[in-house]
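Observations on the three-dimensional arrangement
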Amino acid sequence: MKLALLADVHSNLQALQACLDDARARGATHHAFLGDLVGYGADPGAVVDVVREMCARGAWAVKGNHDDASVAPVAGSRRVDQAGAAWTHDQLSADQRDFLERLPLTVRAGRMLLVHASAHEPAQWTYVTRGVEAAQSLDAARAEGADIVFGGHVHEQRLFYMGAVGKLMAFEPTSGVPVPVPAHREWLATAGSVGQPRDGDPRAMYAMFDADNARLTFMRIAYDHAAAADAIRRAGLPEANAQRLAKGQ
């Protein structure tokens, strides 16, 4: 199995298509969408339709906080995922909103646990940026019999693993270079963001997990971010949403 891991699409149809095309060229046989299909970008309905069709053909998908917010926007909320949630809600059909609402918070598949944020209390949408959060997530995954957690939410590509002496270690991945992820250790990886990278690089992010050879490769893919920004402007969404695509912020 070659599993394409795609997180935080954020209604960016151009970036999603570029990542799917690249994954197809690299022989992806399965796909997992790790939450936040919508939010920020101009094409929530089109993105949901792509993912919904792929799920009908066997892809996995979990719910993110922006997906949750767009199903039931809360007027006056200061939560960041509520900014633009009402607009996204109105762009989606009842069937599209129902699809988002029915997404699970986690999916267990073999040795893997798929989640948007942390496997520890996933509905709290905890950002896994440090060892302490990674350890909590791995503890929760271990309780479910999984030894590798794939998630998103932080919009950056990160990898943590449990060392031989039981100490959690951080590893800095290099784009395009496979990393061995053997089952005798526990791993937590965030795949980055397809539609809104925040590490200063505008290229889209995704990851590819070669389950048969226990290798994980983090990918960066150039796409037409100017077209995605123009779509945001035409939709009347905040200019900041458009500008950050070129800056990777």
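In what follows, the structure referred to is the one given above.
Quick summary incoming for the structure in this document. Residue numbers here run from 1 along each chain, matching the order of that chain's written sequence. Whole-chain, interface and lining totals are the exception, using all residues; otherwise, since this is a predicted model, local features are given only for residues with pLDDT of at least 70 and side-chain atom pairs are given and counted only at 80 or more. Side-chain calculation: all heavy atoms of the structure are included, whereas hydrogens and water are not.

1. A few points about the overall build of the chain
For the purposes of this entry, the term helix denotes a DSSP run of H or I that reaches at least four residues, the term strand denotes a run of E that reaches at least two, and both are numbered from the N terminus. Helix and strand counts for the chain come out as eight helices and 12 strands. For the chain, the C-alpha radius of gyration of 17 Å lies close to 18 Å, the compact-globule estimate for 249 residues. Projecting the C-alpha coordinates of the chain onto the three principal axes gives extents of approximately 55 × 35 × 35 Å. Here the contacts in the chain between residues at least 6 apart in sequence split such that 73% fall between residues at least 24 apart. Surface exposure of the chain reaches about 10,500 Å², of which carbon and sulfur atoms provide 49%. In the chain, 25 positive and 29 negative side-chain charges are present, and the distance between their average locations comes to 4 Å. Here the globule rule reads 2.2 Å times residues to the power 0.38, and the radius of gyration is calculated from C-alpha atoms. Every residue pair with non-hydrogen atoms within 4.5 Å of one another is taken to be in contact. Here the accessible surface of atoms and residues is derived via Shrake-Rupley with a 1.4 Å probe, and residues count as covered only by protein chains that are part of the display. All tallies of charge rest on Lys and Arg as positive and Asp and Glu as negative; His and the ends of each chain are not included. Where a charge lies is defined by one atom per residue type, namely NZ (Lys), CZ (Arg), CG (Asp) and CD (Glu).

2. Structural notes on the packing of aromatic side chains
Pairing of aromatic rings covers Phe, Tyr and Trp, the last counted by its six-membered ring, and requires centre-to-centre distances within 6.5 Å; plane angles under 30 degrees mean stacked, over 60 mean edge-to-face, and any other angle means tilted. Across all of its chains, the model carries two aromatic pairs by this definition. In our convention, an over-ring charge means Lys NZ or Arg CZ found within 6 Å of a ring centre and within 35 degrees of that ring's normal. The ring of tyrosine 40 is capped by arginine 244, whose NZ or CZ atom sits 5.5 Å from the centre of that ring.

3. Thoughts on the environment of serine 77
Along the chain, serine 77 turns up in the loop between helix H3 (65-71) and helix H4 (85-91). A simple rule labels every residue: compare its accessible area, found with a 1.4 Å probe on the protein chains alone, to the largest value its type can have, and call it buried under 20%, exposed over 50%, or partly exposed in between. Note on serine 77: relative accessible area 29%, which makes it partly exposed. Each C-alpha atom of the pair serine 77 and alanine 170 lies 35 Å from the other, and the pair is 93 residues apart in sequence.

4. Remarks on the nonpolar core
Nonpolar cores were defined as sets of buried Ala, Val, Leu, Ile, Met, Phe, Trp, Tyr and Cys residues, with membership established by side-chain atoms within 4.5 Å. The biggest cluster of nonpolar side chains holds 40 residues, and the ones touching the most others in it are Leu6, Leu16, Phe33, Leu37, Leu100 and Tyr206. Of all the secondary structure elements, the ones that give two or more residues to this core are strand S1 (2-6), helix H1 (13-25), helix H2 (44-56), helix H5 (94-102), strand S11 (204-210), strand S12 (215-221), helix H7 (225-234) and helix H8 (239-247). Ranked by the residues each element gives to this core, the list is headed by H1, at seven residues. Excluding residues within four positions of it along the chain, leucine 100 makes contact with Leu37, Val38, Val48, Lys63, Asp67, Val71 and Leu92. Core analysis: the next-biggest nonpolar cluster, separate from the first, contains 23 residues, Leu5, Ile148, Phe150 and Leu159 among them.

5. Remarks on the pairing of strand S7 (residues 157-162)
With five of six residues buried, S7 lies mostly within the body of the structure. By the bridge criterion, five bridges tie S7 to strand S10 (residues 187-191) in an arrangement that is antiparallel. Within S10, the residue paired with arginine 158 across the bridge is threonine 190. In terms of strand pairing, S7 meets strand S8 (residues 168-171) through four bridges, oriented antiparallel. Bridge assignment links tyrosine 161 to a residue of S8, and that residue is methionine 169. When DSSP locates at least two bridges between a pair of strands, those strands are taken to pair. Count of turn residues in the S7/S8 antiparallel hairpin: five residues, of which glycine 166 carries a positive phi of about 80 degrees.

6. Quick notes on the sheet that holds strand S9 (residues 179-180)
Pairing within the open sheet is mixed, and its six strands lie in the order S3-S2-S1-S11-S12-S9. Taken across any chain shown, the strands that pair with only one partner, and hence form the sheet edges, are strand S3 (60-61) and S9. Contacts from H1 reach S1, strand S2 (30-33), S11 and S12, with the element oriented near 30 degrees to S11. Here the axes come from fitting lines to C-alpha atoms, over the contacting stretch only for helices, and the angles between their N-to-C directions go from 0 to 180 degrees.

7. Side note on helix H6 (residues 131-143)
Helix span, expected: 1.5 Å multiplied by one less than the number of residues in the helix. Between its first and last C-alpha, H6 extends 18 Å over 13 residues, near the 18 Å set by a 1.5 Å rise per residue. Of all the positions in H6, only Glu133, Ala134, Ser137, Leu138, Ala140 and Ala141 are classed as buried. Viewed along the axis of H6, the buried residues span an arc of 160 degrees, placing them on a single side of the element. Buried residues belonging to H6 abut strand S5 (112-115), strand S6 (148-151), S7, S8 and S10. Note: the arc covers the axis-to-C-beta directions of the helix.

8. Focus: the pattern of salt bridges
By definition, a salt bridge exists where a carboxyl oxygen of Asp or Glu is found within 4 Å of a side-chain nitrogen of Lys or Arg. Under the definition given, this model contains 15 salt bridges. Residues arginine 24 and aspartate 21 are paired through a salt bridge, measuring 2.9 Å at the closest nitrogen-oxygen approach. Placement of the pair is arginine 24 and aspartate 21 together in helix H1, with a separation of three residues, close to one helical turn. For arginine 24, a relative accessible area of 56% gives the class exposed. By relative accessible area, aspartate 21 is classed as partly exposed at 45%. Sharing partners across several salt bridges, the network here consists of Asp199, Asp201, Arg203 and Arg220.

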